[in-house]
Amino acid sequence: DTAVSQTPKYLVTQMGNDKSIKCEQNLGHDTMYWYKQDSKKFLKIMFSYNNKELIINETVPNRFSPKSPDKAHLNLHINSLELGDSAVYFCASSQTSNTEAFFGQGTRLTVV
Amino acid sequence: AQTVTQSQPEMSVQEAETVTLSCTYDTSESDYYLFWYKQPPSRQMILVIRQEAYKQQNATENRFSVNFQKAAKSFSLKISDSQLGDAAMYFCAYRSRLGQNFVFGPGTRLSVLP
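Residues numbered from 1 in each chain as written. Chains lettered and ligands numbered in written order. Predicted model: local features only at pLDDT ≥ 70, side-chain atom pairs only at ≥ 80, totals over all residues. Heavy atoms only, no water.

**A short note on the overall build of chain B**
Applicable threshold: Here a helix means four or more residues in a row that DSSP labels H or I, a strand means two or more in a row labelled E, and each is numbered from the N terminus. Note that the radius of gyration is over C-alpha atoms, with the globule rule given as 2.2 Å times the number of residues to the power 0.38. For every residue, the accessible area obtained with a 1.4 Å probe (protein chains only) is divided by the maximum for its type, and the residue is called buried under 20%, exposed over 50%, and partly exposed between those limits.
Check the secondary structure of chain B and you find zero helices and 12 strands. Starting at the N terminus, the α and β elements of chain B follow one another as β-β-β-β-β-β-β-β-β-β-β-β. Here the C-alpha atoms of chain B give a radius of gyration of 14 Å, agreeing with the 13 Å that 2.2 N^0.38 yields for 114 residues. Considered along the principal axes of its C-alpha atoms, chain B spans approximately 40 × 25 × 20 Å. Classification of the 114 residues of chain B by burial places 49% in the buried group.

Listed below in structure tokens is the structure:
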């Protein structure tokens, strides 16, 4: 029933590791996003895909690589994790012709 | 680029009272959407209310209403009859009608006092 689901909810890993976060939406939306929420709760866009095409790619280290195998899925792979990558990562989706974004429950990433 | 400002990092309100959260934004566009999202401690982002810029009428959703002043680029949220469950971070957000990005303000932490 969940509209936008992310896995895992929590991720604790050591510096230097590579990890992935998966996101799926069952709303039939054509646009998906990755947002990063830092320790001060500030939400910042990282990437956006529209129909599997990358349309927003903010200033993010190239250790972060999004992949969209189809328009219902948008995964985030992070290489060589650093302490500063610790944050909550939100996946979201919207429909171009509609207005609001629907968010997943977030993934709290802790790098130790 | 559009920016969204929330000048109140923290607010508190007594249960059953009314509180207003402020939001201002900067844009050169005339057609856009504005939103208020709520983030409780569960961290789920929940849409509270939305406003379409071309509509002059202020949006309302039960106890939540907005005061949209397009010329002043102001979009405040009024919560009436505040409840303990309203305690959360509240984010104001902007989306251009043609754009794909949602731009968020820094948030206001609302406490509700019993």
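**A look at the packing of aromatic side chains**
Here is the rule we go by: Planes of paired rings set the category: under 30 degrees apart is stacked, over 60 is edge-to-face and the rest tilted, where pairs are Phe, Tyr or Trp rings (Trp by its six-membered ring) whose centres lie within 6.5 Å. Charge-over-ring contacts are defined here by two conditions on Lys NZ or Arg CZ: a distance within 6 Å of the ring centre and an angle within 35 degrees of the ring normal.
Taken as a whole, this structure holds 18 aromatic pairs over all chains when the rule is applied. Ring geometry for Y25 of chain B versus Y32 of chain B: centroids 5.4 Å apart, planes at 65°, classification edge-to-face. For the pair Y25 of chain B and Y32 of chain B, one class covers both residues: buried. When the centroid spacing of 6.5 Å and the interplanar angle of 35° are considered together, the rings of Y33 of chain B and F35 of chain B count as tilted. Residue class for Y33 of chain B comes out buried when judged on its relative accessible area of 5%. Of the residues examined, F35 of chain B reaches a relative accessible area of 0% and is grouped as buried. Following the ring pairs from residue to residue traces out a cluster consisting of Y33, Y35, F90 and F103 of chain A together with Y33, F35, Y37, F91, F102 and F104 of chain B. For R43 of chain B, the ring lying beneath its charged end belongs to Y10 of chain A, and the centroid distance is 4.9 Å.

**With respect to the pairing of strand 6 (residues 53-57) of chain A**
A regular strand places its side chains so that they alternate between the two faces of the sheet. Residue and element names in this part refer to chain A. So the rule is basically this: Pairing between strands is defined by DSSP: at least two bridges between the two strands are required.
Examined bridge by bridge, strand 5 (residues 43-50) and strand 6 share four bridges and lie antiparallel to one another. Within the sheet, the bridge partner assigned to N50 lies in strand 6 and is E53. Taken together, strand 5 and the strand that follows it, strand 6, pair antiparallel across an intervening segment of two residues, in which N51 is found at a positive phi of about 50°.

**Focus on the interface of chain B and chain A**
Stated formally: Between two residues, a contact is recorded if the distance between any of their heavy atoms is within 4.5 Å. The term buried area means the drop in 1.4 Å probe accessible area that two parts suffer when joined, counted for both and summed. Here a salt bridge means any side-chain nitrogen of Lys or Arg lying within 4 Å of a carboxyl oxygen belonging to Asp or Glu. Two N or O atoms form a polar contact when they lie within 3.5 Å of each other; inside protein one atom must be a possible hydrogen donor and the other a possible acceptor, and for residues adjacent in sequence the pair counts only when both atoms belong to side chains. Note on residue categories: nonpolar means Ala, Val, Leu, Ile, Met, Phe, Trp, Tyr, Cys or Pro, charged means Asp, Glu, Lys or Arg, and polar means any other residue, Gly included.
Each partner contributes to the interface: chain B provides 19 residues, whereas chain A provides 29 residues. Across the interface of chain B and chain A, roughly 2,000 Å² is buried in total on both sides, 53% from carbon and sulfur atoms. Considering only the side of chain B, the residues that lose the most area to chain A are R43, Q100 and F104 of chain B, jointly responsible for 36% of the buried surface there. The tally of links between chain B and chain A comes to one salt bridge. Ionic pairing is found between E100 of chain A and R50 of chain B, a salt bridge with its closest N-O pair at 2.2 Å. Across the chain B-chain A interface, the total number found is nine residue pairs in polar contact (both at pLDDT 80 or more). At the level of secondary structure, the elements contributing two or more residues to the side of chain B that touches chain A comprise strand 5 (32-39), strand 6 (46-52), strand 10 (88-96) and strand 11 (102-104) of chain B. Top element by residues in the side of chain B that touches chain A is strand 5 of chain B. It accounts for four residues. Taken together, the residues of the side of chain B that touches chain A sort by class into 10 nonpolar, five polar and four charged.

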